[in-house]
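Structural overview for review
Residue-level listing of the chains:
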Amino acid sequence: MGTAVKAADLRHRVAERRSGAPTVCWGLGVLEDEDVKFMLKGSKLKKIKSSRWKKDRRMKLQDDCLSIWFESKSRSKPPTFSVMDIREVQEGHQSEMMKKHGSSFSESRCFTIVFAGSRSSLELVAATEEEGRRWVRGLKKLRKKVEGMSQHEIIHHWIHEHLRKADENKDNKMSFEEVKSLLKMINIETDDEYAYQVFKQCDRSKTNKLEESEIEEFCRFLMQRPELEQIFNYYSGEEQILTVRKLRRFLNSQKETSTDENAMRIIQKFELNETAKKNQLFTQDGFMMYLLSAEGDIFNHDHDQVYQDMMQPLSHYFISSSHNTYLMEDQLGGASSTEAYIRALLRGCRCVELDCWEGPNEEPIIYHGYTLTSKILFKDVITTIRDYAFTALRHKILIKGKKFDASETTTEHEEEEAENGECENVKADEKNQKVSVADVSEEFSDLVVYCKAVHFHGFQHAWSKACACELSSFSENRVRKLISEAGSLFVRYNTMQLSRIYPTGSRVDSSNYNPQEMWNAGCQLVALNFQKPGTEMDLNKGKFRQNGRCGYILKPSFMRNRSNLINPLRPRAGAGLSKTQLIIDVITAQQLPKVNKDKKNSIVDPLVRVEVHGVPDDNATRRTRHVANNGFNPVWNESLRFTVTVPELALIRFVVEDYDSSSSNDFIGQFTLPFSSMKEGYRHVHLLSRDAAPLSPATLFIRVRMKRV
């Protein structure tokens, strides 16, 4: 706080803050709901983890109607979770765990809470069918409420949740000691004198405790955004109000539609003062609500819809693809699960892998052959794909299989093993049990209708056949060699043939290679281990964030034209390339999470790193200085400059870290998006966790400028 707001202007700013600033009473609209009332009372549920592990646990909705307390014996897990973290509520025996171990209970009593990110699902059984229905209905209602919350409401809820935690004696009042505790909870380090000054300014009743309206005033003080006020003052002038004409001037600087109609639409949508709204005027509060809304995001939300031509050949698209989709962990002894398919499909994956083997009683099973990974039924996987592949996405799902061809002497699987050296990892008594072409089931082979997997015999051989339905698989090492030795020919090859890239067999920990190298060469199916979070999966998520998250991205025109020879290592000017200077002003951050939540007095020292991922000449990293002891509202005001020669292929990754002078920095959050989906002007960047779950309400506030060179 000390960085963003000086003590000298504290009294003036608290006194001048408008009493009409918006607040959120989250209970309104839901507290009268019977299902929510039931959840607020809490109930005893049975948690299922295996056939033998079925234990009673209490679950209760907290008073804020957004946090849920769940009884846990584990010290490593927090006792509460947010409704915002829930990805889906499944009824009955939908999950793999419920199908296996919950079938003895009535479906109406069973439900599964599935979380965003890597947190394990909660498999629960209510005492009665009516209780089960109430939990399911109530959770779904609250999720719907969350989806409609503005960023301002989310921040307000976040502060009030920490207020509740800081109120140690639960008297709904805040002593000075509790205020100091709150400041540390929300990542602010300040001296006692400054904290006491804030406290006394809000303690109008002179009781040495903040009550009701005083707490709200304190919250409004915490929610102040001086940098937004400064922007407003610049464009509003002495009148301290934005007319339609002045708002149009601001929109023009943002590269937004700067018409009277759009300016009036924004006023009607975001202005909080009814008198101002009637007179087509924009106050500071309305302006802040606008910048905090989705329209103030860095990501172009027009790209939340499918906006690209979806009628071109498959070879003209980048396609979100997973490797060994069934695995939840490592490649040798990890668990296989239908949950892995669900997670991949809900993240927009359009190419999944099914390694099919003959199981007991000729029942097809799926697992990583010749390893100790667990096995799952083929029929369960196919059912999962049917249920989840098309819930939000209408476009084709590609299932990698093998097409029977008597002319081939080896299978693609054998070729991959030989190239990867996977034979070293299999059990000794299974090394000689390789699958020949004759062992490939003709019935399974007949299911392969879109693409036929073939060996790569060279560019000339592929062009002589000119068969667009053929797909060849390459290890990451072989692709790098092809790019190095014949990059332009490989790009040309990928204009009409499909290339699938897979991790080398030495990555037994399910780590990933850099997918950007492969996209630079026009490879369509760049298969990654979706279960392994990290930079590589951040890039994949960012890449496919556009085009309605449908999992298909149309390649740039210069990568679809066979006559256009582009070298992915050294692209030349022209040929559809548009060199651009990118300037990113890193201004502030808001409500960054603690890295070490176990240490009450631990405050982060944040810095921001901005990365450009693209062709080799474009790859660059710039960073700010670190700000000491402030994760709540650190201020940088630093400019980072980049030159991007092929913006059509570039991804921009924002990373926030906790600076450490004696060891490597700790990760706080990140957000990645395509250069082509980035909006100019003053923008908020909504940060994600390491496993891609939202870190709401944590944001960066930046300014983006672009200039053609």
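Since this is a predicted model, take the numbers as computed values, not measurements. Per-chain numbering applies: the sequence of each chain, read as written, is numbered from 1 onward. Residues qualify for local features only when their pLDDT is at least 70, as the model is predicted, and side-chain atom pairs are given and counted only at 80 or more; totals for whole chains, interfaces and linings, by contrast, use all residues. Hydrogen atoms and water are omitted, and side-chain values are computed over all heavy atoms in the structure.

**Observations concerning the overall build of the protein**
Cut-off, in case you're wondering: A run of H or I in DSSP counts as a helix once it spans at least four residues, and a run of E counts as a strand once it spans at least two, with each numbered from the N terminus. In this scheme, a residue with accessible area under 20% of its type's maximum is buried, one over 50% is exposed, and one in between is partly exposed, where area comes from a 1.4 Å probe on protein chains only. For the accessible areas, the method is Shrake-Rupley and the probe is 1.4 Å, while residue cover comes only from the protein chains on display.
Looking only at helices and strands, the protein has 21 helices and 28 strands in total. The buried share of the protein, taken over its 709 residues, is 55%. In the structure as shown, the protein presents an accessible area of about 31,700 Å², 48% of it carried by carbon and sulfur atoms.

**Here's the deal with the sheet that holds strand β4 (residues 80–82)**
Filter applied, for reference: The pairing criterion for strands is at least two bridges between them, as found by DSSP. A fitted line through C-alpha atoms represents every axis, and for helices the fit uses only the stretch in contact; the resulting angles, taken between N-to-C directions, go from 0 to 180 degrees.
Sheet architecture is open: 7 strands sit in the order β4-β3-β2-β1-β7-β6-β5, paired in antiparallel fashion. Since the sheet does not close on itself, it has two edges, and those belong to β4 and β5 (86–91), each with one partner. Between one strand axis and the next, the sheet turns through 35° on average, direction left out of account. Pairing between strand β2 (residues 54–61) and strand β3 (residues 67–70): 3 bridges, direction antiparallel. Residue pairing for β3: Met 59 is matched across the bridge by Phe 70.

**Notes on helix α6 (residues 176–185)**
To keep it simple, the criterion reads: When checking whether two residues touch, look at their non-hydrogen atoms; a contact exists if any pair is within 4.5 Å.
Inspection of α6 places Phe 176, Glu 178, Val 179, Ser 181, Leu 182 and Leu 183 among the buried residues, and these make up the whole buried set. Summarising the contacts, the buried residues of α6 are in contact with α5 (151–166), β8 (173–174), α7 (192–202), β9 (210–211) and α8 (213–222).

**Description of the pairing of strand β10 (residues 317–322)**
Burial of β10 is extensive: 6 of the 6 residues sit out of reach of the surface. Side chains Tyr 317, Ile 319 and Ser 321 of β10 all project onto a buried face; the interleaved residues Phe 318, Ser 320 and Ser 322 project onto the opposite face, where all are buried too. Strand direction decides the pairing type here: β10 and strand β20 (residues 552–554), joined by 3 bridges, are antiparallel. Within β20, the position partnered with Ile 319 by the bridge is Tyr 552.

**Considerations on the state of the cysteines**
The criterion, for reference: When two cysteine sulfur atoms are found within 2.5 Å, that pair is recorded as a disulfide.
Here the structure, examined in full by the defined rule, presents 0 disulfides. Looking at Cys 351, it has no disulfide partner, and the nearest cysteine sulfur is the one in Cys 349, 6.6 Å off. A relative accessible area of 6% means that Cys 351 is categorised as buried.

**A closer look at the sheet that holds strand β14 (residues 376–377)**
Pairing in this open sheet of 3 strands is antiparallel, and the strands run β12-β13-β14 from one edge to the other. Only two strands of the sheet have a single partner each, and these edge strands are β12 (356–358) and β14. Here β12 runs beside strand β13 (residues 364–366); their pairing, made up of 3 bridges, is antiparallel. Its bridge partner being in β13, Glu 358 is matched across the sheet by Pro 364.

**Observations concerning the pattern of salt bridges**
How we decide: A pair is scored as a salt bridge if a Lys or Arg side-chain nitrogen falls within 4 Å of a carboxyl oxygen belonging to Asp or Glu.
According to the stated counting rule, one finds 40 salt bridges in the structure shown. Across the salt bridge formed by Lys 180 and Glu 177, the nearest N and O atoms sit 3.4 Å from each other. In this pair, Lys 180 and Glu 177 both sit in helix α6, 3 residues apart, roughly one turn of the helix. Note on Glu 177: relative accessible area 52%, which makes it exposed.

**What about the packing of helix α2 (residues 34–41) against helix α4 (residues 129–147)?**
To be explicit about the condition: The scheme is simple: roughly parallel for angles under 35 degrees, roughly antiparallel for over 145, roughly perpendicular for 65 to 115, oblique for anything else. Side-chain classes are defined by residue name, with Ala, Val, Leu, Ile, Met, Phe, Trp, Tyr, Cys and Pro counting as nonpolar, Asp, Glu, Lys and Arg as charged, and the others, Gly among them, as polar.
In contact at an axis separation of 8 Å, α2 and α4 are set at 105° when each is read in the N-to-C sense. One element, α2, and the other, α4, form an angle in the roughly perpendicular class. Judged by residue contacts, Glu 34, Asp 35, Val 36, Phe 38 and Met 39 of α2 engage Glu 131, Arg 134, Trp 135, Arg 137, Gly 138, Leu 139, Lys 141 and Leu 142 from α4. Among the residues forming the contact of α2 with α4, the class breakdown is 6 nonpolar, 1 polar and 6 charged.

**Examining α4**
Applicable threshold: Residue count minus one, scaled by 1.5 Å, sets the expected span of a helix.
Spanning 19 residues, α4 covers 27 Å between terminal C-alpha atoms, matching the ideal 27 Å at 1.5 Å per step. Turning to α4, its buried residues number three or more, namely Gly 132, Trp 135, Val 136, Gly 138, Leu 139, Leu 142 and Val 146. As for α4, its buried residues are in contact with α2, β1 (43–48), β2, β3, β5 and β6 (110–115).

**Digging into the environment of Gly 286**
Turning to its location among the elements, Gly 286 is positioned in helix α13 (residues 284–292). Classification of Gly 286 as buried rests on a relative accessible area of 0%. Sequence spacing of Gly 286 and Lys 269 is 17 residues, and the spatial spacing of their C-alpha atoms is 8.8 Å. Apart from residues lying up to four places away in sequence, Gly 286 is in contact with Phe 270 and Glu 271.

**Details of the nonpolar core**
Burial of nonpolar side chains together is a common tendency in soluble globular proteins. Cut-off, in case you're wondering: The criterion is simple. A nonpolar core is a set of buried Ala, Val, Leu, Ile, Met, Phe, Trp, Tyr and Cys residues joined through side-chain atoms within 4.5 Å.
Formed by 52 residues in total, the largest nonpolar core has its most connected members in Tyr 341, Ile 385 and Phe 490. Contributing elements (two or more residues each) for this core: α14 (338–346), α15 (378–388), α18 (459–465), α19 (476–493), α20 (515–520), β19 (525–528) and α21 (535–543). Residue contributions to this core peak at 7 residues, all from α19. Beyond its immediate chain neighbours, meaning those up to four positions away, Tyr 341 contacts Thr 325, Tyr 326, Val 352, Glu 353, Leu 354, Ile 366, Ile 376, Val 381, Thr 384 and Ile 385. Counting residues in each nonpolar core, the second largest holds 34 residues, with Leu 582, Val 586, Val 608 and Met 678 among its members.

**Section: the pairing of strand β27 (residues 681–688)**
In terms of burial, β27 is a largely internal element, 7 of the 8 residues being buried. Bridge count between β27 and strand β28 (residues 694–708): 7 bridges; the pairing is antiparallel. In the strand pairing of β28, Val 685 is matched with Leu 700.

**Re unusual backbone geometry**
Negative phi characterises most residues that are not glycine, and trans characterises most peptide bonds. Residues Ser 696 and Pro 697 are joined by a peptide bond in cis, for which omega reads 10°. Mapped onto the secondary structure, Pro 697 falls in strand β28. At Asn 172, a residue that is not glycine, the phi angle is positive and equals roughly 60°. Along the chain, Asn 172 falls in the loop between α5 and β8. Positive phi is not limited to glycine here, since Lys 255 has a value of about 60°.

**What about the packing of aromatic side chains?**
In this description, a pair of aromatic rings is defined by centroid distance and the angle of the planes. Heads up, the rule is: Each Phe, Tyr or Trp ring, with Trp reduced to its six-membered ring, pairs with another whose centre is within 6.5 Å; inter-plane angles below 30 degrees give stacked pairs, above 60 give edge-to-face pairs, and intermediate values give tilted ones. Definition used: whenever NZ (Lys) or CZ (Arg) falls within 6 Å of the ring centre and also within 35 degrees of the ring normal, the charge is taken to sit over that ring.
Scanning all chains against the criterion turns up 24 aromatic pairs. Centroid distance Trp 158 to Phe 632: 6.1 Å. Interplanar angle 20°. Geometry classified as stacked. Of this pair, Trp 158 sits in helix α5 while Phe 632 sits in the loop between β23 (620–623) and β24 (635–644), placing them 474 residues apart in sequence. When the ring of Trp 357 is compared with that of Tyr 367, the centres are 5.8 Å apart and the planes differ by 50°; the resulting orientation is tilted. One end of the pair, Trp 357, is in strand β12; the other, Tyr 367, is in the loop between β13 and β14, with 10 residues separating them in the sequence. A single burial state applies to Trp 357 and to Tyr 367, both of which are buried. One aromatic cluster in this structure is built from Phe 456, Phe 459, Trp 463, Phe 474, Phe 490 and Tyr 493. Sitting over the face of the ring of Trp 53, Lys 49 holds its NZ or CZ atom 4.9 Å from the ring centroid. Sitting over the face of the ring of Phe 318, Lys 543 holds its NZ or CZ atom 4.3 Å from the ring centroid.

By themselves, these figures tell us nothing about what the structure is for.
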